[in-house]
Amino acid sequence: MSTPTTTHTPPARSAAHESGIAGDPTAHRVLSGDRPTGALHLGHYLGTLANRVRLQDAGLPVVLVIADYQVITDRDSTDSRGTGETLRDRVRSLVADYLACGIDPARTVIFPHSAVPALNQLMLPFLSLVTDAELRRNPTVKAELQESKRPLSGLLLTYPVHQAADILFCDADLVPVGKDQLPHLEVSRLIARRFNDRYGPTFTEPEALLSPAPLVLGTDGRKMSKSAGNTIPLGASEDATAQAFRGARTDAERVISYEPERRPEIASLLTIAALCRGERPEDLAEAIGDGGAVMLKRLVTEAVNDLLRPIRARRRELMRDTGFLDAVLLDGTASATAMAADMLSRVRAAMGMDYSRGDGQGVSGAAGGHR
Ligand code: TRP
């Protein structure tokens, strides 16, 4: 199947690795992922999805983890939040979002981490390498805890450790994420370093790749997030998109100007339109001038709908073919399982826990985990 190409792929790069990536793309491995909590939205696309597609298309091996165990840090896996969607539906819809945006399953590995036992097993040695105090001061965990309005579970507390398993199991060195994930990445780096110090060189210390695309706000002027209900889902209709932007918060000034500090809502709408069209927000502001908020909203609606039209068409097509989506996951799970088995045996060997009988079928072999 061919993948859609978008002419307006937003520029997304962290300068630090530009030369390295240009040099030998296959010397890297990119890992990123998402929790299957609901439909991906425009903020995801502009912030990280487009960047992942770009890295894939530049020839870097990419692995995408669907973090289904992470979902239960703040809810039950069966909690459909009134949408009637099962976890399984949400996982499929995430795969459809990825593929519609240009992720190519022939090149990129996509899998749910619950399906790979060897990955999860890395959590045990990793837990021994971090202290309770280190986990408790993680600001992203603290924020999640506050939002969840539940007591702190052991899983939420150790969320960054599980995420380290997601990243380190495949020897990833580059992790494209949003700013909120940086504290987690620090824990991954710490664990890799400490493991290597204690047991000998085993893991690469992964680095974050921050997208330079500025954060876009939700239609209410707050951070765009699924839980706030202020997003533009990738799969939304053109009418729903228009409606969402019509209701977007602006301010009382007539003439449109790009002033992110003083006029954050206007600036965010300009940024969205600019990223979609591959132009500068300042230039768009000038072109709109005293056309005011009405014209700005019309412009941003059109820019988003133009950008997403091919993605949406492909998404609709993919959602009709659940057999294909499931096959992509099975395929990805097989690849991820092989990578995880390989890493786990290296970890066990480093820790002096290699009890294999020498015929490759010993108790520490890939399929030999006794419980
Ligand atoms: N915690 C990430 C989020 O909430 C999702 C995620 C899970 C992830 N595992 C990962 C991101 C590994 C990057 C790398 O968005």
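Up top you'll find the structure we're talking about.
Residues numbered from 1 in each chain as written. Predicted model: local features only at pLDDT ≥ 70, side-chain atom pairs only at ≥ 80, totals over all residues. Heavy atoms only, no water.

**A look at the environment of Asn-196**
Along the polypeptide, Asn-196 turns up in helix H11 (residues 182–199). Separated by 151 residues in sequence, Asn-196 and Val-347 place their C-alpha atoms 10.0 Å apart. Beyond its immediate stretch of four places on either side in the chain, Asn-196 contacts Pro-201, Thr-202 and Phe-203. (Helix = DSSP H or I, 4+ residues; strand = E, 2+ residues; numbered from the N terminus. Contact = heavy atoms within 4.5 Å.)

**Quick look at the site of the ligand**
Surrounding the ligand, one finds 14 residues, the nearest of these being Arg-35, Gln-70, Gln-163, Asp-166 and Gln-181. Note that an oxygen atom of the ligand is positioned 3.0 Å from one of the side-chain N or O atoms of Arg-35. At 2.9 Å from a nitrogen atom of the ligand is found a side-chain nitrogen or oxygen belonging to Gln-163. Elements that contribute at least two residues to the shell around the ligand include exactly strand E1 (30–34), helix H10 (159–168) and strand E4 (174–177). (Near = heavy atom within 4 Å. Polar contact = N/O pair within 3.5 Å; in protein donor to acceptor, adjacent residues only side chain to side chain.)

**Re the packing of aromatic side chains**
The description of an aromatic ring pair uses the distance of the two centres, along with the angle that the planes make with each other. Here the structure, examined in full by the defined rule, presents four aromatic pairs. Measuring from ring centre to ring centre gives 5.5 Å for Phe-111 and Phe-169, while their planes differ by 65°; the resulting arrangement is edge-to-face. With Phe-111 in strand E3 (residues 109–112) and Phe-169 in the loop between H10 and E4, this pair connects stretches of sequence that are 58 residues apart. For Phe-111, a relative accessible area of 0% translates into the label buried. Consider the rings of Phe-195 and Tyr-199, whose centres lie 4.8 Å apart with planes at 45°: the pair is tilted. One end of the pair is Phe-195 and the other is Tyr-199, both in helix H11 and four residues apart, which spans about a single turn. Owing to a relative accessible area of 0%, Phe-195 belongs among the buried residues under this scheme. The partly exposed category is assigned to Tyr-199, whose relative accessible area is 28%. (Phe/Tyr/Trp six-rings, centres within 6.5 Å; stacked < 30°, edge-to-face > 60°. Buried < 20%, exposed > 50% of the residue type's maximum accessible area, 1.4 Å probe, protein only.)

**As for helix H16 (residues 322–350)**
Its 29 residues place the ends of H16 41 Å apart at the C-alpha level, agreeing with the 42 Å of an ideal helix rising 1.5 Å per residue. Looking at the residues trailing H16, positive phi occurs at Gly-352, about 75°. (Expected span 1.5 Å × (residues − 1).)

**Some details on the pattern of salt bridges**
All told, the structure shown has 23 salt bridges when counted by the stated rule. When the shortest N-O distance is used, the salt bridge between Arg-263 and Asp-251 registers 2.8 Å. Of this pair, Arg-263 sits in the loop between helix H12 (238–246) and helix H13 (264–277) while Asp-251 sits in the loop between H12 and H13, and the two are 12 residues apart along the sequence. Judged by its relative accessible area of 1%, Arg-263 falls in the buried class. Notably, a salt bridge pairs Arg-309 with Asp-306, separated by 3.0 Å at the nearest N-O pair. Taken together, the positions of Arg-309 and Asp-306, both in helix H15 (residues 292–319) and three residues apart, correspond to about one turn of that helix. (Salt bridge = Lys/Arg side-chain N within 4 Å of Asp/Glu carboxyl O.)

**Looking at empty space enclosed by the protein**
This model, assessed by the stated rule, comprises one cavity of 30 Å³ or more. As for the largest cavity, its lining consists of Leu-217, Gly-218, Thr-219, Gly-221, Ala-248, Arg-249, Glu-265, Ser-268 and Leu-269. Looking at the lining of the largest cavity residue by residue, the class counts come to three nonpolar, four polar and two charged. (1 Å grid on protein atoms, 1.4 Å probe; cavity = no way out; pocket = protein on both sides within 12 Å on 5 of 7 lines; lining within 4 Å. Points joined across faces, edges and corners; volume = space filled by probe spheres on them. Nonpolar A, V, L, I, M, F, W, Y, C, P; charged D, E, K, R; others polar.)

**A look at the side chain of Thr-271**
Relative to the assigned elements, Thr-271 resides in helix H13. Of the residues examined, Thr-271 reaches a relative accessible area of 8% and is grouped as buried.

**Thoughts on unusual backbone geometry**
For Lys-149, which is not a glycine, the phi torsion comes out positive at approximately 55°. Looking at where Lys-149 falls in the secondary structure, it is placed in the loop between helix H8 (139–148) and helix H9 (154–157). Even without being glycine, Asp-171 reaches a positive phi, approximately 65°. Considering the arrangement of structural elements, one finds Asp-171 in the loop between H10 and E4.

**A few points about the nonpolar core**
Where a protein is soluble and globular, its nonpolar side chains tend to be buried together. Tyr-45, Tyr-98, Ile-110, Ile-272 and Val-304 are the most contacted members of the largest nonpolar core, which has 59 residues in total. When contributions to this core are tallied by element, the ones reaching two or more residues are helix H2 (42–57), strand E2 (62–66), helix H4 (87–101), H13, helix H14 (281–288), H15 and H16. Not counting the four nearest positions on each side in its chain, Ile-110 is found in contact with Leu-64, Ile-66, Val-95, Tyr-98, Leu-99, Ile-103, Val-328, Leu-329, Gly-332 and Thr-333. Core analysis: the second largest hydrophobic core is formed by 38 residues, Val-63, Phe-111, Phe-203 and Met-339 among them. (Core = buried A, V, L, I, M, F, W, Y, C linked by side-chain atoms within 4.5 Å.)

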